[in-house]
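Residue strings, one per chain:
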Amino acid sequence: MDIDAVILWVDGDDPVWKEKCDKARNGNQLTRRNDIGGELRFRQMREIDWCVASINKFAPFIRKIFIVTDGQDPHLENTVGKWFKNPVPVEIVDHKVIFRGYEKYLPLFQCRAIELMVPRIPGLAEHFVYFNDDFLLTNNVRPEDWFTPDGKVVDYGGWMPNFLLDILHFLKPKKNGLKAVGYKDTMMNSAKLLGFNRTFIMRHNPHAQLKSAGLRLLSEYPEVVEINCKDKFRTSSQFNPQEARQLLAFSEGKLLIRSASGKVLFLKPFADRPRYLRNHLKPYMNGRPLPLFTCINSIAMADPDDREFFVGLMKRLFEDAAPR
């Protein structure tokens, strides 16, 4: 079974990209909220290097890595290309390629639209794993951690009734007159779109996906393109395409749900929590094995000493892949 990896990536410091993004804002200051399109959402500190290196070290069976970008290049030949003798092949895919026929929506500055079009990557395997660039593999992964031998999808999380999620959304406080665009909200939007009365709550880990489920979503629910692509930045009406593809796989008996306990580590540092990363990672520094999957959300927000600690941990994690 061929298994590919897909990573969405943007260099928010690129002046050409920033000019394009500012033009799309059209003076709307609301788009600068971090949950919608603030600079923090696009800031990168070379997490893409760690993400790709982690695939090479812990999942070398991956056939190809597709990195989806907007006219950019992470230049991995200067990092991962020097760290591994025979790295997993990488192909850069521009937004224009996956939005062929839908070019009117470009440019876009929110991931939900781009994620929707991922199954249209030319040459993408039926079985692929979707990564954000802040997703890391931190222990040895086997193909069966993502797909069963007969090709079913494996993902980690559990179910939650939609009515309970509606209550949680109702109780969520507003900021500047609007409620935050939440991760669970976009998953529930997917469930409601497809007629489910419960939502599969995915964790922050790489998600095994079926290309055929994504193509079915686009063909059988043509309204999804307008829902996710009409707005340049995030809105509360958009849905999570990974969730939608998992629910379609579930409806065909092709989704196996496993507990995320001990499998997923989610880290979200803030500058006002100076020892957040050191405290959360301390058990793993004392011999406890790291989980399969780690998400480091907004490393740029970490206290500088904490950030330096995490970068040092990454170097040690990939010490056998250090630049020669």
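*Asks:* How should the overall build of the protein chain be read in this particular structure?
*Replies:* For the protein chain, the count of helices and strands is 13 helices and 13 strands. In terms of C-alpha radius of gyration, the protein chain reaches 19 Å, essentially the compact-globule figure of 20 Å for 324 residues. For the protein chain, the proportion of contacts with a sequence separation of at least 24, taken over those separated by at least 6, is 80%. Of the roughly 14,700 Å² of accessible surface on the protein chain, a fraction of 53% belongs to carbon and sulfur atoms.

*Asks:* Is there a simple way to explain the side chain of Thr 186 in this structure?
*Replies:* Along the chain, the position of Thr 186 falls in helix H8 (residues 183-193). From its side chain, Thr 186 meets the backbone oxygen of Tyr 183 in a polar contact 2.8 Å long. Filtering out sequence-adjacent residues up to four positions away, Thr 186 remains in contact with Arg 112, Gln 238, Phe 239 and Asn 240.

*Asks:* Help me understand the pattern of salt bridges, please; the structure alone is not making it clear to me.
*Replies:* Pairing between side chains becomes possible if they bear opposite charge and their charged atoms approach one another. Following the criterion strictly, the structure yields 15 salt bridges and no others. One salt bridge connects Arg 46 with Asp 49, and the closest N-O pair in it is separated by 2.8 Å. Residue class for Asp 49 comes out buried when judged on its relative accessible area of 5%. Between Lys 64 and Glu 91 there is a salt bridge, and its shortest N-O distance comes to 3.0 Å. Of this pair, Lys 64 sits in the loop between helix H3 (47-58) and strand S2 (65-69) while Glu 91 is found in strand S3 (residues 90-94), placing the two residues 27 residues apart along the sequence. Judged by relative accessible area, which is 25%, Lys 64 ranks as partly exposed. One salt-bridge network, held together by shared partners, links Arg 216, Glu 220, Glu 252 and Lys 254.

*Asks:* Explanation requested: a nonpolar patch on the surface in the structure shown.
*Replies:* Taken together, the side chains of Phe 163, Leu 164, Ile 167, Leu 168, Phe 170 and Leu 171 define a hydrophobic patch exposed on the protein surface, amounting to about 640 Å² of accessible area. With respect to the secondary-structure elements, Ile 167 resides in helix H7 (residues 162-171).

*Asks:* Explanation requested: the sheet that holds strand S12 (residues 264-267) in the structure shown.
*Replies:* As a general point, the strands of a sheet are linked pairwise by backbone hydrogen bonds and lie either parallel or antiparallel. In spatial order, the strands read S5-S13-S12; together these three strands make up an open sheet with mixed pairing. Whereas interior strands pair on both sides, the edge strands pair on one side only; in this sheet they are strand S5 (135-137) and S12. Neighbouring strand axes in the sheet, compared pairwise and without regard to direction, differ in orientation by 20 degrees on average. Note: S5 against strand S13 (residues 293-296), three bridges, orientation antiparallel. Looking at S13, one finds that Leu 136 is bridged to Thr 294.

*Asks:* Would you mind showing me how to read the nonpolar core here?
*Replies:* Grouped burial of nonpolar side chains is what soluble globular proteins tend to show. One finds Phe 131, Trp 146 and Phe 310 to be the most contacted residues of the largest nonpolar core, which totals 97 residues. Tallying contributions element by element places H3 first for this core, with seven residues.

*Asks:* When you look at the packing of H7 against H8 in this model, what are you seeing that I'm missing?
*Replies:* Geometrically, a packed helix pair is captured by the angle between its two axes and the distance between the axes. Running from amino to carboxyl end, H7 crosses H8 at an angle of 140 degrees, the nearest separation of the two axes being 11 Å. With respect to their mutual orientation, H7 and H8 come out oblique. Here H7 and H8 pass one another in a crossing that is left-handed. Where H7 approaches H8, its residues Asn 162, Leu 165, Asp 166 and His 169 are matched on the opposing element by Lys 184, Asp 185, Met 188, Ala 191 and Lys 192. Partitioning the contact of H7 with H8 into residue classes produces three nonpolar, two polar and four charged.

*Asks:* In this structure, what is going on with the packing of aromatic side chains? I would like to understand it.
*Replies:* To describe a pair of aromatic rings, one takes the distance between the centres and the angle between the planes. Going through the model one piece at a time under the given rule, you end up with 10 aromatic pairs. With 5.0 Å between their ring centres and 65 degrees between their planes, Trp 159 and Phe 250 make a pair best called edge-to-face. Remark: Phe 250 occurs in helix H11 (residues 241-251) and Trp 159 occurs in strand S6 (residues 153-161); sequence separation between them is 91 residues. For Phe 250, a relative accessible area of 29% gives the class partly exposed.

*Asks:* Got a minute to help me understand helix H9 (residues 211-220) in this structure?
*Replies:* Because an α-helix completes one turn every 3.6 residues, residues spaced three or four positions apart along the sequence face the same direction. Among the residues making up H9, those that are buried are Ala 213, Gly 214, Leu 217 and Leu 218. Looking straight down H9, one finds that the buried residues subtend no more than 135 degrees of arc, so they occupy a single side.

*Asks:* What should I look at first to understand the pairing of S2 in this one?
*Replies:* Taken residue by residue, a regular strand's side chains alternate between the two faces of the sheet. With five of five residues buried, S2 is to be regarded as a mostly interior element. A two-sided burial pattern is seen for S2, the buried positions comprising Ile 65, Ile 67 and Thr 69 on one face and Phe 66 and Val 68 on the other. With four bridges connecting them, strand S1 (residues 3-8) and S2 associate as parallel partners. Within the sheet, the bridge partner assigned to Ile 7 lies in S2 and is Ile 67. Taken together, the five bridges between S2 and S3 define a ladder with parallel strand orientation. Each bridged residue has a counterpart across the sheet, and for Thr 69 the counterpart in S3 is Asp 94.

*Asks:* For this particular structure, what's the right way to read the sheet that holds strand S10 (residues 207-210)?
*Replies:* An order of S3-S2-S1-S4-S10 is seen for the five strands of this open sheet, with the pairing classed as mixed. The open sheet has two edge strands, S3 and S10, and neither has a second partner. For this sheet, the mean angle separating the axes of adjacent strands, direction not counted, is 30 degrees. Examined bridge by bridge, strand S4 (residues 127-132) and S10 share four bridges and lie antiparallel to one another. Paired with Tyr 130 across the bridge in S10 is His 207. This element, H9, spans S4 and S10 of the sheet and lies at about 65 degrees to S10. H11 contacts S4 and S10 of the sheet and is inclined by roughly 60 degrees relative to S10.

Rules behind the numbers
- Residues numbered from 1 in each chain as written.
- Predicted model: local features only at pLDDT ≥ 70, side-chain atom pairs only at ≥ 80, totals over all residues.
- Heavy atoms only, no water.
- Helix = DSSP H or I, 4+ residues; strand = E, 2+ residues; numbered from the N terminus.
- Rg over C-alpha atoms; globule rule 2.2 N^0.38 Å.
- Contact = heavy atoms within 4.5 Å.
- Areas by Shrake-Rupley, 256 points an atom, 1.4 Å probe, with all protein chains shown as cover.
- Polar contact = N/O pair within 3.5 Å; in protein donor to acceptor, adjacent residues only side chain to side chain.
- Salt bridge = Lys/Arg side-chain N within 4 Å of Asp/Glu carboxyl O.
- Buried < 20%, exposed > 50% of the residue type's maximum accessible area, 1.4 Å probe, protein only.
- Patch = residues over 30% accessible without salt bridge, like charges linked within 9 Å, V, L, I, M, F, W, Y side chains within 5 Å.
- Pairing = 2+ DSSP bridges.
- Axes fitted to C-alpha atoms, helices over the stretch in contact; angles between N-to-C directions.
- Core = buried A, V, L, I, M, F, W, Y, C linked by side-chain atoms within 4.5 Å.
- Parallel < 35°, antiparallel > 145°, perpendicular 65-115°, else oblique.
- Left-handed = near helix turned anticlockwise from the far one by under 90°.
- Nonpolar A, V, L, I, M, F, W, Y, C, P; charged D, E, K, R; others polar.
- Phe/Tyr/Trp six-rings, centres within 6.5 Å; stacked < 30°, edge-to-face > 60°.
- Arc of directions from axis to C-beta.

Fair warning: the whole summary comes from geometry, so function is off the table for now.
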